[in-house]
Amino acid sequence: NRKHRLAYDVERVVQEHLTYVREEISDGWDLIHQEGEMKVYRREVEENGIVVDPLKIFHSMKGVTGHEICQYFWDYQYRMEWETTLDSTKIIEVLDPDTVIFFQMHKRVWPAAQRDSCFWSHIRCISNSEEDQPTWLVVNYTTPHHLAPIKSPHVRLVANVALICETIINEPPLNIQDIKRENIECKLTYVAFVNPGGWVPSAALRSVAKREYPRFLKRFTSYVLEQTRDKPILF
Ligand SMILES: CCCCCc1ccc(-c2ccc(S(=O)(=O)CCO)cc2)cc1[C@H]1C[C@H]1c1ccccn1
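In this text the structure is predicted, and so the values were computed from the model without any measurement.

## A look at helix α1 (residues 7-21)
Relative to the 21 Å expected for 15 residues at 1.5 Å per residue, α1 spans 21 Å between its end C-alpha atoms, a close match to the ideal helical length. Residues of α1 that are buried: Ala7, Val10, Val13, Val14, His17, Leu18 and Val21. The buried residues of α1 occupy an angular sector of 140° when the element is viewed end-on, so they sit on one face. Those residues of α1 hidden inside the fold are in contact with β5 (55-62), β7 (99-106), β8 (115-126), β9 (135-142), β11 (158-169) and β12 (184-195).

Take a look at the structure:
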C-alpha cells in the first residue's frame, strides 16, 4: 500500500537486507577485526577504482533488546551522543512515523574532501510466526532531496546500511514482567555498503574503515547499554 512516495523503495531495500542477512559468511569475506563478541568481516570490492568494500559486523550483547538498539540507532535525537564522525545531522523530511530523511555532514578525513550524506532512514519490527521475540531493523539508504543540494567542495556519500537485531530471552521466567536485563541478549548484524562518492586512496580508506567501524559500533552499543541500564525493558 502506497503510504508515501518512497514506500516501494523502502519495501524493496528492507526485503533485500532480510534476504542477505541470513546468508552465511561465505568465502570472499575476510575477518578483519574481532573484539569480544564482535566479529567484523569485509569483502574487498572496487568500482571504477573506488573502494566500496561491503562490511558485515556480527555482535551480541547482554542486557539490551533489539528494539532498544534499533530505537537509539534510528532516533535522530540521540545521534550526536554516540556518533563521533559527524559534524551535524538533521531531519529534512518526515515521510511517516517510521521513515525520515536525514542530511548529515561527516567529519573531514584529511586529505580527502569532506563527505555529506542524505538518506531515508526506516525502522521496522518484523514479528515472525513463532512465539519468540520479533526482529527489529533499521535501514539507512541514500536518496536525493531538494533540501540536500550537493555543493562543492563536499562529496556526497552513497550508503546502504542496515542494522538487524534479534532478542534472546535466556531462562524465560513464567511471566514476562519478571524478566530482568541479565536474562536478555541482543544479537545484531550490521551491514554497510558505502561508496565514498569520489576517489579516495584505497589503502587510506581501508585503514579508516577498519579502524572506524568497530570503534563506532562499540561506542554505539556501549551508549545504549548505559542509557537503558536503569530503564524498564523495551521489548
Ligand atoms: C575519506 C572518507 C570517505 C568516507 C568515509 C565514511 C563516511 C561515512 C560512513 C558511514 C555512513 C553511515 C553510517 S550509519 O551506520 O548509517 C550511521 C549514521 O551516520 C556509518 C558510517 C563510513 C565511511 C567509511 C570510512 C568508514 C567509517 C566507518 C564508520 C565511521 C566513519 N567512517
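## Thoughts on the site of the ligand
In the vicinity of the ligand lie 18 residues, with Glu83, Gln104, Asn140, Leu157 and Tyr190 positioned nearest. Contact between the ligand and asparagine 140: an oxygen atom at 2.9 Å from a side-chain N or O atom of the residue. At 2.7 Å, a side-chain N or O of tyrosine 190 approaches an oxygen atom of the ligand. One can see that the ligand is located within the largest pocket. Residue assignment for the shell around the ligand shows that the elements contributing at least two residues are β7 and α4 (202-228). No other element matches the six residues that α4 contributes to the shell around the ligand.

## With respect to the confidence of the model for the protein
Mean pLDDT over the protein: 95, with 98% of residues reaching 70 or higher. Confidence estimates for the predicted assembly give a pTM of 0.96 and an ipTM of 0.96.

How each quantity is defined
Each chain has its residues counted from 1, following the order in which its sequence is written. Owing to the predicted nature of the model, reporting of local features is limited to residues with pLDDT of at least 70; listing and counting of side-chain atom pairs is limited to 80 or more, with chain, interface and lining totals taken over all residues. Note that water and hydrogens are dropped before the side-chain values are worked out from all heavy atoms of the structure. Elements are defined by DSSP. Helices are runs of H or I of four residues or more, strands are runs of E of two residues or more, and each kind is numbered from the N terminus. To estimate how far a helix should reach, multiply one less than its number of residues by 1.5 Å. Throughout this description, buried means an accessible area under 20% of the type-specific maximum (1.4 Å probe, protein chains only), exposed means over 50%, and partly exposed covers the range between. What the arc measures is the spread of directions leading from the helix axis to the C-beta atoms. Whether two residues touch is decided by their heavy atoms; if any such pair falls within 4.5 Å, the residues are in contact. The near set for a molecule or strand comprises every residue that places at least one heavy atom within 4 Å of it. Nitrogen and oxygen atoms within 3.5 Å of one another constitute a polar contact, given that in protein one can donate a hydrogen and the other can accept it, and given that sequence-neighbouring residues count only through two side-chain atoms. The distinction between a cavity and a pocket rests on a 1 Å grid over the protein atoms alone: a 1.4 Å probe fits inside a cavity but cannot get out, while a pocket stays open yet meets protein on both sides within 12 Å along at least five of seven lines, and a residue with an atom within 4 Å of a point counts as lining. Here the criterion for a molecule occupying a pocket or cavity is that more than half of its atoms lie within 2 Å of the pocket grid points. Residue-level confidence of the predictor, termed pLDDT, takes values from 0 up to 100.

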